Amino acid sequence: MALLDRCIRGGISCACAHVNYHHRPQAEEEEAYIRSFCEERGIVCFVKNDPFEWTGNFEAAAREYRYDWFARVVNEHGFSGVLTAHHMDDLIETYFMQEEKGLIPDYYGLKEDRMISGVRVLRPLLNETKAQLAEYCRTNHIRTFYDETNEDTSLTRNRVRHEILNGMSMQEKQMVLREIAQKNAVLQERRCRVNAWVKEGGLRADAYRTWEEEDRLTALRDCLVKANLHRSRRGLQELDGMIQSGQDILIPLAEKQVLTVRNGELTVMEKPEPYCYTVNDEAQLRALVSEDFRIEDGKPGVNAVTVRAEDWPLTVRSVREGDRIALRFGHKSVHRFFIDRKIPKYDRIVWPVVTNKNHEVILVPGLGCDMAHYSIDPGFSVIQLSRCK
């Protein structure tokens, strides 16, 4: 309310955007007051009061909900951006929460100017405390509403506010602001340095392993954020330890994402899924389309096989635990083949094999076919397609 009143008094062309989550007893009364306040002053008031449904954390879901709506209002009505009334106490609260959670953030505290949901968001009141803004409202006879959920100290932000911030003097707050500024200066310098290295050749795994820990964690965090993934500092350190432990990695990050090395670069990729295709004849075989293999005319070599009538139906599937193939000098474990040839762990999950109707592995592309299905004029070849190249 202080921000809106100042905009009006300052002659700033603006509108008001209010979200009613119907989450508090005073929500309807608050909406009615805001509508009347804007109407009396000739200010357009946009209100979103649809039933709000969410899962998980209410605060996070509500934040995404309102900023997505703010962005629509901005884009549909041609506004320049969004002004929010975050103040100094919000900034310090955010910093303490970042520290408590052990985060390596994009920015410590709150940025005064940033992009959210594709629109510019400005926070012009970060140099003023909540108490100063409340006094402004009292002096100018502007009604304010108290959010009683602020008393719920089971919420981290409320606990930080009650246990730490409310007891701080203005001098102590200024000291924290200087600490935040110093950390952001260090973070910005590190990010510029890391970005320069990454720009020169991507996030090269071999180079990454030679950097200092803080630079590694910053680069790793940025890599995950681009994939909309987030980790605490401890979580990043655990991932960093796994990367440092070996040249070839396959680290689960989420249900459908993994961290691996592709073309020598640390990359977040979709988790490969096992597959299995059963075909009754060669026409069906040649019609198979997959990002993990392709079927070609037979050419002598380690990708070719000759099948007989009694082998059908054939199955082309991804490798399974315990797969073995009969070669000239005995049976060979497909897993051992992967190790010997240094096949990337990512590719191992979806490496194709061909089995006959007896479920015997008769071809492992790159290794060869079994003794019973070898000929100098093979029927077809199966070419493995690496996703990591």
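Counting restarts for each chain, with residues numbered from 1 along the sequence as it is written. Totals for whole chains, interfaces and linings use all residues, but because this is a predicted model, local features are given only for residues with pLDDT of at least 70 and pairs of side-chain atoms are given and counted only at 80 or more. Hydrogens and water molecules were not included; the side-chain quantities draw on all heavy atoms of the structure.

## Description of the packing of aromatic side chains
Centres within 6.5 Å make a pair out of two Phe, Tyr or Trp rings, where for Trp the six-membered ring is used; the pair is then stacked when the planes are under 30 degrees apart, edge-to-face when over 60, and tilted otherwise. Tallying each qualifying case throughout the model produces 22 aromatic pairs. Arranged with centres 4.5 Å apart and planes meeting at 45°, the rings of Phe-52 and Tyr-65 form a pair that is tilted. One end of the pair, Phe-52, is in the loop between strand S2 (45–48) and helix H3 (58–77); the other, Tyr-65, is in helix H3, with 13 residues separating them in the sequence. Ring geometry for Phe-337 and Phe-338: centres 5.8 Å apart, planes at 45°, overall tilted. Phe-338 shares its class with Phe-337; the two are buried. Linked through ring pairs, Tyr-21, Phe-52, Trp-54, Phe-58 and Tyr-65 together constitute an aromatic cluster. Remark: a charge is flagged as sitting over a ring if the NZ atom of Lys or the CZ atom of Arg is within 6 Å of the ring centre and within 35 degrees of the ring normal. We note Arg-6 situated over the ring of Tyr-136; from NZ or CZ to the ring centre the distance is 4.7 Å. Helix numbers and strand numbers start at the N terminus; a helix is a DSSP run of H or I with at least 4 residues, a strand a run of E with at least 2. Accessibility here uses a 1.4 Å probe with only protein chains present; expressed as a share of the type maximum, an area under 20% marks a residue as buried, one over 50% as exposed, and anything in between as partly exposed.

## Here's the deal with helix H7 (residues 170–201)
Between its terminal C-alpha atoms H7 stretches 47 Å, which fits the 46 Å expected from 32 residues at 1.5 Å a residue. Within H7 the residues assigned to the buried category are Lys-173, Val-176, Leu-177, Ile-180, Asn-184, Leu-187, Arg-190, Arg-191 and Val-194. The contact definition used throughout considers only heavy atoms, calling two residues in contact when any of these lie within 4.5 Å. Buried residues along H7 sit in contact with helix H4 (88–101) and helix H9 (213–226). At the exit of H7 stands Gly-202, carrying a positive phi of roughly 70°. A helix is expected to span 1.5 Å for every residue after the first.

## A short note on the packing of H7 against H9
Direction vectors running N to C along H7 and H9 enclose 70°, while the axes themselves pass 10 Å from each other. By the angle between their directions, the pair H7 and H9 is classed as roughly perpendicular. Residues Arg-190, Arg-191, Arg-193, Val-194, Asn-195 and Trp-197 of H7 form the contact with H9, whose own contacting residues are Glu-214, Asp-215, Thr-218, Ala-219, Arg-221 and Asp-222. Here the term charged refers only to Asp, Glu, Lys and Arg, the term nonpolar to Ala, Val, Leu, Ile, Met, Phe, Trp, Tyr, Cys and Pro, and the term polar to all other amino acids, Gly among them. Residue composition of the contact of H7 with H9, grouped by class: 3 nonpolar, 2 polar and 7 charged. Axes here mean lines fitted to C-alpha atoms, for a helix over just the part in contact, with angles spanning 0 to 180 degrees between N-to-C directions. Oblique is the label for any angle not covered by the other classes, which are roughly parallel (under 35 degrees), roughly antiparallel (over 145) and roughly perpendicular (65 to 115).

## Some words on helix H5 (residues 130–139)
Within the span of H5, buried status applies to Leu-133, Tyr-136 and Cys-137. Down the axis of H5, the buried side of the element spans an arc of 95°, and every buried residue falls inside it. With respect to the buried face of H5, the exposed residues turned more than 90 degrees away are Ala-131 and Arg-138. Just downstream of H5 lies His-141, where phi reads positive at about 55°. This arc corresponds to the set of directions leading from the helix axis out to the C-beta atoms.

## A closer look at the nonpolar core
The set of buried Ala, Val, Leu, Ile, Met, Phe, Trp, Tyr and Cys residues whose side-chain atoms join them within 4.5 Å is what this entry labels a nonpolar core. Of all hydrophobic cores here, the largest spans 22 residues; its most connected members are Ile-243, Leu-259 and Leu-266. Every element with two or more residues in this core is listed here: helix H8 (205–208), H9, helix H10 (233–245), strand S6 (250–254), strand S7 (257–262) and strand S8 (265–270). In contact with Leu-266, not counting residues within four places along its chain, are Leu-203, Ala-205, Tyr-208, Cys-223, Ile-243, Ile-249, Thr-260 and Val-261. Counting 18 residues, the second largest nonpolar core, distinct from the first, contains Phe-52, Tyr-65, Tyr-67 and Phe-70.

## With respect to the sheet that holds strand S17 (residues 368–369)
Judged by pairing direction, the sheet is antiparallel, and its 5 strands sit side by side in the order S9-S12-S15-S16-S17 without closing on themselves. Unpaired on one side and paired on the other, strand S9 (276–279) and S17 mark the two borders of the sheet. Here, a strand pair is defined by DSSP locating no fewer than two bridges between the strands. Relative to S17, strand S16 (residues 361–364) runs antiparallel, the two sharing 2 bridges. Bridging from a neighbouring strand, Leu-363 pairs with Cys-369 of S17.

## Focus on the side chain of Thr-129
You can see Thr-129 is positioned in the loop between strand S5 (119–122) and H5. What Thr-129 contacts, discounting residues up to four positions off in sequence, is His-87, Met-88, Asp-89, Met-170 and Lys-173.

## A closer look at the pattern of salt bridges
By definition here, a salt bridge exists when the distance from a side-chain nitrogen of Lys or Arg to a carboxyl oxygen of Asp or Glu is within 4 Å. Per the counting criterion, the structure on display carries 30 salt bridges. One salt bridge in this structure joins Lys-48 and Asp-50, with 3.2 Å as the shortest N-O distance. Of the charged contacts, one joins Arg-317 and Asp-323 as a salt bridge, the two residues approaching to 2.9 Å between their closest N and O atoms. The pair formed by Arg-317 and Asp-323 is uniform in burial state, with each residue classed as buried. Shared partners join several salt bridges into a network, and the residues in it are Glu-189, Arg-190, Arg-193 and Asp-215.

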